[in-house]
Amino acid sequence: MSESKWKLLEPFRIGTLCLKNRIVMPPMECLLNGADGSVNQAIIDYYEEAARGGVGTIIVQNSYIDEKASRSALVHLGVYSDHLIAGIGDLAETIKSYGVAALLQISHGGRQANPAANPYCPPIRSCIKPDPCGAASLAAPVKSLPAGLANNPFA
Ligand SMILES: Cc1cc2nc3c(=O)[nH]c(=O)nc-3n(C[C@H](O)[C@H](O)[C@H](O)COP(=O)(O)O)c2cc1C
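Residues numbered from 1 in each chain as written. Predicted model: local features only at pLDDT ≥ 70, side-chain atom pairs only at ≥ 80, totals over all residues.

1. Focus on the overall build of the protein
Phase 1: Along the backbone of the protein there are 3 helices and 5 strands.
Phase 2: The contacts of the protein with a sequence gap of at least 6 include a subset with a gap of at least 24, amounting to 63%. (Helix = DSSP H or I, 4+ residues; strand = E, 2+ residues; numbered from the N terminus. Contact = placed C-beta atoms within 7 Å.)

2. Details of the environment of Val 79
Phase 1: Within the fold, Val 79 resides in the loop between β4 (57–64) and α3 (85–96).
Phase 2: When the C-alpha positions of Val 79 and Ser 107 are compared, they lie 9.5 Å apart, and in sequence the two are 28 residues distant.
Phase 3: Residues within four places of Val 79 in sequence aside, it is in contact with Ser 63, Ile 65, Leu 84, Ile 88 and Ile 106.

3. Focus: the site of the ligand
Phase 1: Around the ligand, the neighbouring residues are Pro 26, Pro 27, Met 28, Glu 29, Gln 61, Asn 62 and Gln 105.
Phase 2: Its residues assigned to classes, the shell around the ligand shows 3 nonpolar, 3 polar and 1 charged. (Near = placed C-beta within 6 Å. Nonpolar A, V, L, I, M, F, W, Y, C, P; charged D, E, K, R; others polar.)

4. Description of helix α2 (residues 41–52)
What sets the pattern is the α-helix's 3.6 residues per turn: residues three or four places apart point alike.
Phase 1: Between its terminal C-alpha atoms α2 stretches 16 Å, which fits the 16 Å expected from 12 residues at 1.5 Å a residue.
Phase 2: Taken as a whole, α2 has its buried residues at Ile 43, Tyr 47 and Ala 51. Looking straight down α2, one finds its buried side chains confined to an arc of 75°; they lie on one side. α2 presents Gln 41, Ala 42, Asp 45, Glu 49 and Arg 52 as exposed residues on the side facing more than 90 degrees away from its buried surface.
Phase 3: One or two residues past the end of α2 sits Gly 54, with phi positive at roughly 110°. (Expected span 1.5 Å × (residues − 1). Buried ≥ 20, exposed ≤ 12 C-beta atoms within 10 Å, placed from the backbone. Arc of directions from axis to C-beta.)

5. A word on the nonpolar core
Phase 1: One finds Val 39, Ile 43, Tyr 47, Ala 51, Val 55, Ile 58, Val 60, Leu 91, Ile 95, Val 100 and Ala 101 forming the largest nonpolar core, which totals 11 residues.
Phase 2: Listed by contribution, the elements that provide at least two residues to this core are α2, β4 and α3.
Phase 3: Ranked by residue count, the leading element in this core is α2, at 3 residues.
Phase 4: In contact with Tyr 47, not counting residues within four places along its chain, are Ile 58, Val 60, Leu 91, Thr 94 and Ile 95. (Core = buried A, V, L, I, M, F, W, Y, C linked by C-beta atoms within 7 Å.)

6. A word on the pairing of strand β5 (residues 101–107)
Phase 1: Bridge analysis of β4 against β5 gives 6 bridges, and the strand direction is parallel. When the bridges of β5 are listed, Val 60 appears paired with Leu 104.
Phase 2: Read from β4 through α3 to β5, the crossover connection turns out right-handed. (Pairing = 2+ DSSP bridges. Right-handed = clockwise from strand over helix to strand, strands pointing away.)

7. Focus: the sheet that holds strand β3 (residues 24–25)
Phase 1: The strand order β3-β4-β5 describes an open sheet built from 3 strands, whose pairing is parallel. The open sheet has two edge strands with one neighbour each: β3 and β5.
Phase 2: Running over the sheet, α3 touches β4 and β5 and is turned about 145° from β5. (Axes fitted to C-alpha atoms, helices over the stretch in contact; angles between N-to-C directions.)

8. Describing α3
Phase 1: Between its first and last C-alpha, α3 extends 16 Å over 12 residues, near the 16 Å set by a 1.5 Å rise per residue.
Phase 2: Of all the residues in α3, the buried ones are Gly 87, Leu 91 and Ile 95. An end-on view of α3 places all buried positions within 75° of arc, on one side of the element. Turned more than 90 degrees off the buried face of α3, the exposed positions are Ile 85, Ala 86, Gly 89 and Glu 93.
Phase 3: Where α3 is buried, its residues contact α2, β4 and β5.

9. Some thoughts on the environment of Glu 10
Phase 1: In this structure, Glu 10 sits in the loop between α1 (3–7) and β1 (12–14).
Phase 2: Residue classification places Glu 10 among the exposed positions, given that 12 C-beta atoms sit within 10 Å.
Phase 3: Taking C-alpha positions, Glu 10 is 6.8 Å from Arg 22, a pair spaced 12 residues apart along the chain.
Phase 4: Leaving out residues up to four positions away in the same chain, Glu 10 has contacts with Asn 21 and Arg 22.

This is the structure we're talking about:
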């Protein structure tokens, strides 16, 4: 095996953080969290299994940041309230106990925020429809505007 392939398994330093190797698990929603976005045992078990597998870094899936309009799915990990801190801390500690760096992706669903999962309409208006499967509907206009933006001169 060439030297460059072995480098993947060598430690790597970013600032004060020493990663045990260069393998990163990207953020991937696993749909295991509690109904309020909280960390539960199922999601801890899922990330523990990944950490045990030997990656150097885990970026925990995207987590919504307010209870108003940032949630993009009904099952979505959340970091919008202090009551979620303990669970997020447990998750981080579980990952780190395997010598794996734990990062958390925070997110606002923006135009892809799910109206069914949010008490308010997403504040971001776009005439481009969300299309996770490709560019097929890029030209299709949105059928209705968020209420507060109905008279928006930029709309
Ligand atoms: C089930 C699933 C859930 C995902 N969840 C997230 C996510 O929470 N945040 C994100 O940025 N990307 C998410 N992704 C995208 C992955 O991170 C992305 O596929 C990965 O970085 C690989 O990139 P590539 O498809 O360009 O190779 C998800 C992908 C899958 C398959």
